[in-house]
Amino acid sequence: MKYRFNGFDCIVLVVVALTLSSVLSMQLQRRRSAARREQCSDKLRELTIAAHAYHQVYRQFPSGAGGTDQGAARPAAGNDLRLSAFVTLLPFYDQQKTWDLITEPFQATSSRSNSETFPPMGPVPRFDPQIYTPWSMRPAMLVCPADRSGSQQLQAANYVMNYGDAVHLAGDLCGYAKSDFKQITATLATHRGVFARERVIRMRDVVDGTSNTLLFSEAKISGTQVAKDVAGLAANPSLALKQYSANQCWSGGRESVWCDGLLRSSGFQTILPPGSPSATSLSGELSAVMSASSYHPDGVYVAFVDGHVAFMSASVDAGESASPSVGPAGVSVDGQRLAPPGRPSPYGVWGALGTRNMREEISRREIIELSEVPRSTGLRIDVNPEPDDKKQTQTPSPMPSEMRTPEPKMAAAENADLGNTAPQRDDSAIETPSTAPLKQAPMQAADVIAVKPVPNSIALEAPMAVKPNVPVEPELSQTSETPSSMKPTPIESNVTRAVPTEPDAVPDPLMSVVEEAAEPNAAVSSEVKPIEATKPDAIAIENPLRKWSLADSAEPLIASLVSCDDRGNVVMKLATGETIERSLADFTSQDAYQIVASRTESMKRALEQARLADQQLAQSRLRPQLVEALKLLENKHFDHYLKRFYHPKLTSAERLRDLAERVSQRRGDFIQVLDDAIRSIDQGKIKTALDDDGVSLHLKTLSQGHPADLSMKYLDGAWYFTESD
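These remarks concern the structure in this document. (Residues numbered from 1 in each chain as written. Predicted model: local features only at pLDDT ≥ 70, side-chain atom pairs only at ≥ 80, totals over all residues. Heavy atoms only, no water.)

1. So, helix 1 (residues 7-58)
Piece 1. Taking 1.5 Å per residue, 52 residues should reach 76 Å; helix 1 reaches 76 Å between its end C-alpha atoms and fits that length.
Piece 2. Two residues or fewer after helix 1 comes Arg-59, characterised by a positive phi angle close to 60 degrees. (Helix = DSSP H or I, 4+ residues; strand = E, 2+ residues; numbered from the N terminus. Expected span 1.5 Å × (residues − 1).)

2. Observations regarding the pairing of strand 9 (residues 278-281)
Piece 1. Side-chain alternation along strand 9 places Ser-278 and Thr-280 on one buried face and Ala-279 and Ser-281 on a second face that is also buried.
Piece 2. Across 3 bridges, the pairing between strand 9 and strand 10 (residues 284-289) is antiparallel. Of the residues in strand 10, the one forming a bridge with Ala-279 is Val-289. (Buried < 20%, exposed > 50% of the residue type's maximum accessible area, 1.4 Å probe, protein only. Pairing = 2+ DSSP bridges.)

3. With respect to the environment of Tyr-301
Piece 1. Considering the arrangement of structural elements, one finds Tyr-301 in strand 11 (residues 299-304).
Piece 2. Remark: the alpha-carbon pair of Tyr-301 and Arg-37, spanning 264 residues in sequence, is separated by 8.5 Å.

4. Considerations on the pattern of salt bridges
Piece 1. For the coordinates displayed, the defined rule picks out 12 salt bridges.
Piece 2. In this structure, Arg-74 engages Glu-116 in a salt bridge whose closest nitrogen and oxygen atoms are separated by 3.8 Å. Remark: Glu-116 occurs in the loop between strand 3 (106-107) and strand 4 (117-118) and Arg-74 occurs in the loop between strand 1 (65-66) and strand 2 (83-84); sequence separation between them is 42 residues.
Piece 3. Put simply, Arg-546 and Asp-591 hold a salt bridge, and the shortest N to O gap is 3.4 Å. You can see Arg-546 sitting in strand 20 (residues 546-548) and its partner Asp-591 sitting in helix 9 (residues 589-634), a full 45 residues away along the chain.
Piece 4. Owing to a relative accessible area of 31%, Arg-546 belongs among the partly exposed residues under this scheme.
Piece 5. Judged by its relative accessible area of 7%, Asp-591 falls in the buried class.
Piece 6. When salt bridges that share partners are traced, they join Arg-59, Asp-675, Asp-676 and Arg-679 into one network. (Salt bridge = Lys/Arg side-chain N within 4 Å of Asp/Glu carboxyl O.)

5. What about helix 10 (residues 638-645)?
Piece 1. In terms of residue burial, helix 10 counts as a mostly covered element, since 7 of its 8 residues are buried.
Piece 2. Three or more residues of helix 10 are buried, namely Phe-638, His-640, Tyr-641, Leu-642, Lys-643, Arg-644 and Phe-645.

6. Quick word on the nonpolar core
Piece 1. Phe-86, Tyr-93, Phe-216 and Trp-258 are the most contacted members of the largest nonpolar core, which totals 54 residues.
Piece 2. Of all elements in the fold, only helix 1, helix 2 (85-88), helix 3 (96-103), strand 5 (159-162), strand 6 (214-218), strand 11 and strand 12 (309-313) reach the threshold of two or more residues within this core.
Piece 3. Of all the elements, helix 1 adds the most residues to this core, at 6 residues.
Piece 4. Those residues within four positions of Phe-86 in sequence are excluded, and the remaining contacts are Leu-47, Tyr-93, Leu-142, Tyr-159, Val-160, Met-161, Phe-216, Trp-258 and Ser-266.
Piece 5. Membership of the second largest hydrophobic core comes to 32 residues, among which are Ala-660, Phe-670, Ile-678 and Tyr-714. (Core = buried A, V, L, I, M, F, W, Y, C linked by side-chain atoms within 4.5 Å. Contact = heavy atoms within 4.5 Å.)

7. Quick word on the sheet that holds strand 12
Piece 1. Taken in spatial order, the 5 strands make up an open sheet running 8-5-6-11-12, and their pairing is mixed. In this open sheet, the two edge strands, each paired with only one partner strand, are strand 8 (267-268) and strand 12.
Piece 2. Inspection of the sheet shows strand 5 paired to strand 6 by 3 bridges, in the antiparallel sense. Within the sheet, the bridge partner assigned to Tyr-159 lies in strand 6 and is Glu-218.

8. Observations concerning the side chain of Ser-321
Piece 1. Along the chain, Ser-321 turns up in the loop between strand 12 and strand 13 (332-333).
Piece 2. Overall, Ser-321 belongs to the buried group, its relative accessible area being 17%.
Piece 3. Look past the residues within four positions of Ser-321 in its chain and what remains in contact with it is Asn-236, Pro-237, Ser-238, Leu-241, Leu-272 and Tyr-347.

9. Points about a nonpolar patch on the surface
Piece 1. Judged by side-chain polarity, Phe-8, Val-12, Val-16 and Leu-20 come together as a nonpolar surface patch covering roughly 390 Å² of accessible area.
Piece 2. Considering the arrangement of structural elements, one finds Leu-20 in helix 1.
Piece 3. We classify Leu-20 as exposed; its relative accessible area is 53%. (Patch = residues over 30% accessible without salt bridge, like charges linked within 9 Å, V, L, I, M, F, W, Y side chains within 5 Å. Areas by Shrake-Rupley, 256 points an atom, 1.4 Å probe, with all protein chains shown as cover.)

10. Digging into the environment of Ala-50
Piece 1. Within the fold, Ala-50 resides in helix 1.
Piece 2. The spacing of Ala-50 and Leu-90 is 40 residues in sequence and 8.4 Å in space, taken between C-alpha atoms.
Piece 3. Non-local contacts of Ala-50, meaning those with residues more than four positions away in its chain, are made with Leu-89, Phe-92 and Tyr-93.

11. Re the pairing of strand 23 (residues 579-583)
Piece 1. Two strands pair when backbone bridges link them, and strand 22 (residues 569-574) and strand 23 are joined in this way by 5 bridges, in the antiparallel orientation. Residue pairing in the sheet places Val-570 in a bridge with Arg-582 of strand 23.
Piece 2. Between strand 22 and strand 23, which follow one another and run antiparallel, lie 4 residues, and Gly-577 among them has a positive phi close to 95 degrees.

In structure tokens:
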């Protein structure tokens, strides 16, 4: 019998079809959303790698906005110190062609331009992109795939730079170009992030810890309220959260332009939580509250200075948003007093992540709770953090359970370079670290071997290196001791090393130095005692109970082998626990051979353990001695450098004569190698090699396009260089 479909059956089929379609559509949307999140995090990671590559070359991060100081009165004459860091980073994320157009004089060919010629580094960023076409070449990696406005606004960018947690003058010029001391002093108090206009920040300035300080985040191109002319905003940033009418807001919102580094266009502050509205003050858009935002549900992606990318929840602890922001000492804005300079951020964990040197306290537990990281981002967080009662006793490290020290302290004034106009490489003195600040460094190009992270540490995937716990470098202090009297002493965690106090000039004839360095006892102090793997007399052997055949008895001996010395005396333990002594001659040849083989194997294990212990000691002494070598090179004490770090057993007097001239000529390259090695030790990326000849190390880096190598060997309780190129 044929079954005939009636109206009810049709309705059931339609309902089932719609349900399946809805389920499939939801699954498809979730997969597309996950793909967009993955692409967004990857773009932030690439941008962070570019910033690290820039720092590797120029020893500084690019300024948030910089360039040439012309263009304020005549926009085509210069960029008015407004070029964003995204312009400076162009060669470092595969945009060399655009960078070449910007850095060369540009002849406009548009009919609207009257054949105008623009100077290198271009006009102001908001100049007509149809005339100055490089401004229309926005890199695709600056647009989040979740923001559809990017396909409509072809100059806009989603990714923004960390301008800190201050409001007053947060986006203003530092004053270096005009030597305005009052402006310089005022902005030093309010430029608390990693980026600022006309100011460059170095890795060493991020004393709060590179894994605790934000570098980039994201912001919607449009769709977020940006109020303007808000009175009292610096004293009460929560005023930005109010609803304002259309005529009280910027019609274009952020009005993002990828090449414009001004705060409203390319910056964000860690004041209001992610997804909050933004606002500018009565002072203009240079004093503003710009919030991070995105089209990802419930938060934004952020990139930290150390290179890892995380998803920051919109419910992150942002403290009290009505608290006054930090301002210059004794300054009132809109008739209201601001918080004094140098104080920790009042905006909770979110605010603390935006400052680079305020030493706020952030625990690992808080980091875990505020970060909600998708699996695809590659960030793995330890789910068993240290309990609170153990945090105070833990040894300081680049990733301790208490990530920041509480006492507020103003950092030294930053370098006065303008930043984004082809900065020159800086091979000058490097800030000496100590045990007080928790300082870290980024990924470097040193050719080293990574070690595994210790437990209870945050492990990050490529591109950045994992930061395990490492020994804290002993503090360096200046003494009155002359370089010629300095000798290496046993390195302990609390040893203070003497360093040269006078920057002596490079001596022209270095032959006397070579002769002194060739003396047998010139390089090593008598206090240094090497650890040698000596051959023990009786080797302890771990063997289970077994039957031993005796030469003069048919009855076997049931015992376990304990030890055997060079004279053939054998100690055995019976099943009852009693110890007896025998000689190798008492056993049959087969069992005697077995005893000797067991002794040889145990001796090898003992010697290997001693060599590993020696390697661990050498590893712990490596960093302080590299710092000592770095200080000697920085102060141009080449004579003491050669005498201290080239052992006569490893380097001949003839070789030292060649090295004396080479070290003075390639001082900058060797400083770069040592600097990279020290930072690699801090990152846990460096490991010594252990072979038959002892403990050794090979350091390699790329300095100004030329490879520079240093090989080291651990001898007589200290590290020495064996080769240099």
